[in-house]
Amino acid sequence: MDGKNIIRIVVSSGMQKPYYIRKKGMTEDGCFIRVGASAQPMTEAMIERLLQHRQANSLSTTPVSRQKLTFEQLHIYYNELDLTLNDQFEENLDLRTGDSSYNLLAYLLADGNGASIKVAKYAGTDKIDLIENEEYGYRCLITSIYRVLDKLAVENKTFAKITPRNRLERKLINQVALREAFINAVVHNDYNLGWPVVEFFSDRVTITSTGGLVEGLSQEDFFASRSMLRNRELMRVFKDVELVEGLGSGMRRILEAYDRSVFEITPSFIVVTFPYASDFERNEDDGTVNGTVKTDLSETQKSILLLINANKGITIDKMVAEMAVSRRTILRNIKILTEKNIIKREGSDKTGQWVTLN
């Protein structure tokens, strides 16, 4: 700025106002408000008004009835990234309330629970003809997310358009935007009200989260990728296991592919609607490698093959960026393709190349 390097610091407004000096409590002597360059005591009326808008329950303060919880799956996700959950992990991750009982966050991350993400599919453009209704849940929320992401990849098929010069390919929906919209719905959902829902129609897919915008976050802030978290504790875990990056990066990726019109925001819900690509013929890619049909490949594996065919020297990091999935997902599927003798790597990771095999 004006030829100088600057650091920009954005501090999100807290959701548990009013904050106060502990030894003086929530009183006029303990609560203050900034007025110009000075801090003035709050009046009793101001304190009451802030309390009325205070978030009643967070994931860490909401108690649950089920207290016999285990976290083996959570340990696995951390161990895969060479992270260790020590004996204090329940305290470090805020899995217990003030009275040391398990809270809603612990319930969501436990090996077994009674919650799930619904994925529905309809034959037409309305909800009359339901042809598929699946529940992805009753286990660690991270596991449920990966199962839904796999489902999204299967439904988001590759279609082609033949031009006089070449054959163009694209997905029904921008795969980066689709993934980010779903992850955002899970991270910012109000779990005291309901669960995210994914619905496929003949012309679009919708992703619905409950709770609307976080109190104090305007629509302009929302579209400007300013992050105000409803579930800070959950975001922390998701960042640990590399499901999210934070800092509003997901919204930026969505708006790079679609405009604001894909969002419908109400006081109770946020609905993201992605229309299917309409300018491509629906000739689904058959997943061939050198003319050999590989019908047993997942959509993720097909996408990896398409990237390799387009660029033999593509790196793992580039695949992660192109497909908007975790590095662990890429490595797992490359291992499968290698074990099936479909691809192999020749040379070093930096200067080598991929080879597709018959």
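Just so you know, these numbers come straight off a predicted model, no measurement behind them.

Caption draft 1: Quick peek at the pattern of salt bridges. Within the structure shown, the criterion is met by 14 salt bridges. Residues Arg 204 and Asp 203 are paired through a salt bridge, measuring 2.9 Å at the closest nitrogen-oxygen approach. When salt bridges with common partners are traced through the structure, they connect Lys 121, Glu 132, Lys 151 and Glu 155 into a single cluster.

Caption draft 2: Main features of the packing of aromatic side chains. With the rule as written, the count across this model stands at 9 aromatic pairs. Aromatic pair Tyr 122 and Phe 201: ring centres 5.0 Å apart, planes at 15°, arrangement stacked. A residue pair is termed long-range when its members are at least 10 positions apart, and Tyr 122 in strand 3 (residues 116-122) and Phe 201 in the loop between strand 7 (197-200) and strand 8 (204-210) qualify at 79 residues. Through successive ring pairs, a cluster of aromatic residues spans Phe 71, Phe 89 and Tyr 102. Just above the ring of Phe 201 sits the side chain of Arg 204; from NZ or CZ to the centre is 3.8 Å. Geometry around Trp 354 places Arg 345 over its ring, the cationic atom sitting 4.8 Å from the centre.

Caption draft 3: A look at empty space enclosed by the protein. In the structure shown here, the tally under the stated rule is 3 cavities of 30 Å³ or more. By volume, the largest cavity is sized at about 290 Å³. Counting only elements with at least two residues in the lining of the largest cavity, the list comes to helix 5 (141-155), helix 6 (175-187), helix 10 (299-310) and helix 12 (327-339). The element that contributes the greatest number of residues to the lining of the largest cavity is helix 5, accounting for 5 residues. Of the residues that constitute the lining of the largest cavity, the class distribution is 8 nonpolar, 6 polar and 5 charged.

Cut-offs and rules
- Residues numbered from 1 in each chain as written.
- Predicted model: local features only at pLDDT ≥ 70, side-chain atom pairs only at ≥ 80, totals over all residues.
- Heavy atoms only, no water.
- Salt bridge = Lys/Arg side-chain N within 4 Å of Asp/Glu carboxyl O.
- Phe/Tyr/Trp six-rings, centres within 6.5 Å; stacked < 30°, edge-to-face > 60°.
- Helix = DSSP H or I, 4+ residues; strand = E, 2+ residues; numbered from the N terminus.
- Lys NZ or Arg CZ within 6 Å of the ring centre and 35° of its normal.
- 1 Å grid on protein atoms, 1.4 Å probe; cavity = no way out; pocket = protein on both sides within 12 Å on 5 of 7 lines; lining within 4 Å.
- Points joined across faces, edges and corners; volume = space filled by probe spheres on them.
- Nonpolar A, V, L, I, M, F, W, Y, C, P; charged D, E, K, R; others polar.

All we've got here are geometric facts, nothing functional implied.
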